[in-house]
Amino acid sequence: MGKENVLKDLEDWVNKVKERGEVALELARLRLKKASLERKISKIHTRLGERVEYLLGLGRERWEEDEVIKGFLQEIQDLRREIQESDEKAEALKTPTPQEVPEE
């Protein structure tokens, strides 16, 4: 009986380590995705500024009605939504499951 308990405890420990490793890997993937999305937003901000400067150079002061600018703003909004979803997934992974919460 003792040997079986030791093997079961060892198996449980290995499974916990494996689960934590998988969680850590997924968190790293989500952080990488978030960084990539933030870089895309930064590039769009640059292009947006260039477009505004271009329109002002043409003497168009009503740049907020420009379809290209509207497209850039929509892209930024979509990317921010993706970042929020990634953050929510990461937060959910950080929250311990009921089996991980120590019993009192």
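Cut-offs used in this document
- Residues numbered from 1 in each chain as written.
- Predicted model: local features only at pLDDT ≥ 70, side-chain atom pairs only at ≥ 80, totals over all residues.
- Heavy atoms only, no water.
- Helix = DSSP H or I, 4+ residues; strand = E, 2+ residues; numbered from the N terminus.
- Expected span 1.5 Å × (residues − 1).
- Buried < 20%, exposed > 50% of the residue type's maximum accessible area, 1.4 Å probe, protein only.
- Contact = heavy atoms within 4.5 Å.
- Core = buried A, V, L, I, M, F, W, Y, C linked by side-chain atoms within 4.5 Å.
- Polar contact = N/O pair within 3.5 Å; in protein donor to acceptor, adjacent residues only side chain to side chain.

Caption draft 1: Representation of helix H1 (residues 2–57) in the model. The terminal C-alpha atoms of H1 lie 83 Å apart, and with 56 residues this matches the ideal 82 Å at 1.5 Å per residue to within 8%. Taken together, the buried positions of H1 are occupied by Leu27, Leu30, Leu37, Ile41, Ile44, Leu48, Val52 and Leu55. Tucked into the core, H1 has its buried residues touching helix H2 (67–94).

Caption draft 2: Layout of the nonpolar core. Counting 11 residues, the largest nonpolar core consists of Leu37, Ile41, Ile44, Leu48, Val52, Leu55, Ile69, Phe72, Ile76, Leu79 and Ile83. Within the residue set of this core, elements represented by two or more residues are H1 and H2. Counting residues per element, this core draws most heavily on H1, which supplies 6 residues. The contacts of Leu55, once residues within four sequence positions are left out, are Arg60, Trp63, Asp66 and Ile69.

Caption draft 3: Up close: H2. The end-to-end C-alpha distance of H2 is 41 Å, a good match for the 40 Å that 28 residues give at a rise of 1.5 Å each. Turning to H2, its buried residues number three or more, namely Ile69, Phe72, Ile76, Leu79, Ile83, Ser86 and Ala90. Turning to H2, the residues buried within the fold contact H1. Where H2 begins, one side-chain oxygen reaches toward the backbone nitrogen of Val68, 3.2 Å away; that side chain belongs to Asp66.

Caption draft 4: Layout of the side chain of Asp66. Tracing the sequence through the fold places Asp66 in the loop between H1 and H2. For Asp66, a relative accessible area of 6% puts it in the buried group. Among the polar contacts listed, one links the side chain of Asp66 to the backbone nitrogen of Val68, at a separation of 3.2 Å. In terms of polar contacts, Asp66 uses its side chain to reach the backbone amide nitrogen of Ile69, at 3.2 Å. Once residues within four sequence positions are removed from consideration, Asp66 is found in contact with Arg51, Leu55 and Arg60.

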